[in-house]
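Each chain, letter by letter, is given below.
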Amino acid sequence: MDTPSVAVAPAQRRDIPVYAQAVGTVVANATVQVKSRIDGQIVGAGFKEGQLVRKGDLLFQIDRAPYEAALRAARANLQRDEAQLANAQLDLGRANKLVKNGYVSEQTRDAAIAQSKALAGSVAADRAAVDQADLQLGYTEIRSPIDGKTGPFLVDVGNIITSASGTPLVTVTQIQPVKISFALAQQNLPKLQQALASKSLVASLKTHGEKDGEVVAPIDFIGNTINATSGTIELRATYDNADMRLVPGEYVDVRVRIADLKQAITVPRDAVNTGQNGQYVYVVTPEMKVELRNITVLDQAGDIAAVDGAVKEGENVIVDGQLRVAPGMGVKIAAKGPAAS
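Reading the values: rules and limits
Residues numbered from 1 in each chain as written. Predicted model: local features only at pLDDT ≥ 70, side-chain atom pairs only at ≥ 80, totals over all residues. Heavy atoms only, no water. Helix = DSSP H or I, 4+ residues; strand = E, 2+ residues; numbered from the N terminus. Buried < 20%, exposed > 50% of the residue type's maximum accessible area, 1.4 Å probe, protein only. Contact = heavy atoms within 4.5 Å. Pairing = 2+ DSSP bridges. Salt bridge = Lys/Arg side-chain N within 4 Å of Asp/Glu carboxyl O. Expected span 1.5 Å × (residues − 1). Core = buried A, V, L, I, M, F, W, Y, C linked by side-chain atoms within 4.5 Å. Axes fitted to C-alpha atoms, helices over the stretch in contact; angles between N-to-C directions. Parallel < 35°, antiparallel > 145°, perpendicular 65-115°, else oblique. Left-handed = near helix turned anticlockwise from the far one by under 90°. Nonpolar A, V, L, I, M, F, W, Y, C, P; charged D, E, K, R; others polar.

Engineer: What is the right way to look at the overall build of the protein in this model?
Structural biologist: Assigned secondary structure in the protein consists of three helices and 19 strands. Dimensions of the protein, computed from the C-alpha atoms along their principal axes, are close to 140 × 50 × 30 Å. Residues counted as buried form 38% of the 341 residues belonging to the protein. Relative to all contacts within the protein whose residues are 6 or more apart in sequence, the contacts with residues 24 or more apart total 75%.

Here it is in structure tokens:
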């Protein structure tokens, strides 16, 4: 029987990062249902469906004519009452002089005082009415309250709307930045809080199922309640989304570095096998014999695994050819596999 050939790689001692992994959901930083504060007919729109808008951009124009007329009427009332107030104040001045000389009674002077105060109140009310009419006129221009992306028209141009109905005209969703919400096991909480306090807690993100294109976002929120059903706690990371790669509602793969295994024994992941008694690796001894060593995988990072068990630093583990060997067999090394990196 020919001696089987195997590929081996050395076990190495090193520090490796420990990650917690989860599936997260992209959450809009803000979502606003844009509604009208006044009644009227929509006569124009300043955007297209799905358009990016800035805070303050015009979204809808409501017919201004009724509100311009109301403002003119309010200003006219103010002018009338201001004129009447000016005349009443002149009458009061004359009454004050005449009452001293006994030409008019104090009752007449008191009536002039009351008339002047009443008209002053009317003028104050008129000024408030002008301000209110001017405010209503301003509401005919409905502007975006945030930076974001518009959804579809919920009410088309030409329709008459009422503020009492509460019907939204469009929804604006802020997508720069976005939040990524995910949950991690509660046993990680002390390490997470410590990392958050030192501002070193970040999440590595990539689109769910995507192999490449990972981005990093700082974690700035840890929930205040443990989910009793799942034993997890919510975290949120903020991503600037300058490239607009993430969309609210989308699933993303999340991993968070929560610790480091110091000077752990590591082997290539291809060396780890699973049998009836658990996980193991095949070690090739200096005598070129195969030995089975039971191990426990502590953590995996990339193409390496940190293990605990009867494997020593520098020993060669089989990374290719495991199916052709058994404990005690002699082998020859066909190739040296790459060390775990």
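Structure shown, so let's carry the discussion forward.
Engineer: Teacher, can you tell me more about the sheet that holds strand E6 (residues 141–143) here?
Structural biologist: Working definition: the strands of a sheet are paired by backbone hydrogen bonds and lie parallel or antiparallel to each other. One open sheet accounts for four strands, arranged E6-E5-E3-E8; its pairing is antiparallel. Every other strand in the sheet has two partners, leaving E6 and strand E8 (160–161) as the edge strands with one partner each. Taken together, the two bridges between strand E3 (residues 40–45) and E8 define a ladder with antiparallel strand orientation. Pairing of Gly40 across the sheet is with Ile161, part of E8.

Engineer: Just to check I follow, could you spell out the pairing of strand E15 (residues 278–284) for this structure?
Structural biologist: On a regular strand, one side chain projects to one face of the sheet and the next to the other, so that they alternate. The buried fraction of E15 is high, at five of seven residues. As judged from the three bridges shared by strand E14 (residues 273–275) and E15, these two strands associate in the antiparallel manner. Each bridged residue has a counterpart across the sheet, and for Gly275 the counterpart in E15 is Gly278. Turn length for the E14-E15 hairpin, with the two strands adjacent in sequence and antiparallel, is two residues. The pairing of E15 with strand E16 (residues 290–301) spans five bridges and is antiparallel. What sits directly across from Val281, in E16, is Arg293. The turn linking E15 back onto E16 is made up of five residues, and Met288 within it adopts a positive phi angle of 65°. The sheet contact formed by E15 and strand E18 (residues 316–320) spans two bridges and is antiparallel.

Engineer: Just to check I follow, could you spell out unusual backbone geometry for this structure?
Structural biologist: Both trends apply: most residues other than glycine have a negative phi, and most peptide bonds are in trans. Going from Gln176 to Pro177, the amide bond is cis rather than trans, its omega being 5°. Of note, the phi angle at Asn241 is positive, near 55°, even though the residue is not glycine. With respect to the helices, strands and loops of the structure, Asn241 is situated in the loop between strand E12 (232–239) and strand E13 (251–268). We classify Asn241 as buried; its relative accessible area is 0%.

Engineer: What am I meant to see in the pattern of salt bridges here?
Structural biologist: Two side chains of opposite charge can pair, provided their charged atoms sit close to one another. In the structure shown here, the tally under the stated rule is eleven salt bridges. Its salt-bridge partner being Arg13, residue Glu313 comes within 3.6 Å of it at the nearest N-O pair. Of this pair, Glu313 sits in the loop between strand E17 (304–309) and E18 while Arg13 sits in strand E2 (residues 12–34); the two residues are 300 residues apart in sequence, bridging distant segments of the chain. The closest approach of N and O atoms between Arg293 and Glu291, which form a salt bridge, is 2.7 Å.

Engineer: Help me understand the pairing of strand E9 (residues 170–185) in this model?
Structural biologist: The pairing of E2 with E9 spans nine bridges and is antiparallel. Considered in E9, the bridge of Val26 is made with Ile180. In terms of strand pairing, strand E7 (residues 148–150) meets E9 through two bridges, oriented antiparallel. Of the residues in E9, the one forming a bridge with Lys149 is Thr173.

Engineer: I'm lost on helix H1 (residues 65–101) in this one. Help?
Structural biologist: Counting along an α-helix, one turn takes 3.6 residues, and residues three or four places apart therefore face a common direction. Compared with an ideal rise of 1.5 Å per residue, which puts 37 residues at 54 Å, H1 spans 55 Å between its outermost C-alpha atoms and is within 8% of the ideal. Here H1 has its buried residues at Tyr67, Leu71, Ala74, Leu78, Asp81, Leu85, Ala88, Leu92, Ala95 and Val99. Considering only its buried residues, H1 is in contact with helix H2 (106–138).

Engineer: Quick question: what am I supposed to make of the nonpolar core here?
Structural biologist: Burial of nonpolar side chains together is a common tendency in soluble globular proteins. By size, the foremost hydrophobic cluster in this structure holds 29 residues, and its most contacted members are Ile180, Phe182, Leu235 and Val256. Elements represented by at least two residues in this core include exactly E2, E9, helix H3 (189–197), strand E10 (202–207), strand E11 (215–227), E12 and E13. Those residues in contact with Ile180, other than ones at most four positions away along the chain, are Gly24, Thr25, Val26, Leu205, Leu235, Arg236, Ala237, Tyr239, Leu246, Val252 and Val254. Ranked by size, the runner-up nonpolar core spans 26 residues in total, among them Val53, Leu78, Leu169 and Val170.

Engineer: Mind showing me how you'd approach the packing of H1 against H2 here?
Structural biologist: To describe two helices that pack against each other, one gives the angle between their axes and the distance between the axes. One can describe the packing of H1 onto H2 by two numbers: an axis separation of 8 Å at closest approach and a directional angle of 160°. Taken together, H1 and H2 sit at an angle that is classed as roughly antiparallel. Handedness of the crossing formed by H1 with H2: left-handed. Of the residues in the contact of H1 with H2, the class split is 19 nonpolar, eight polar and nine charged.

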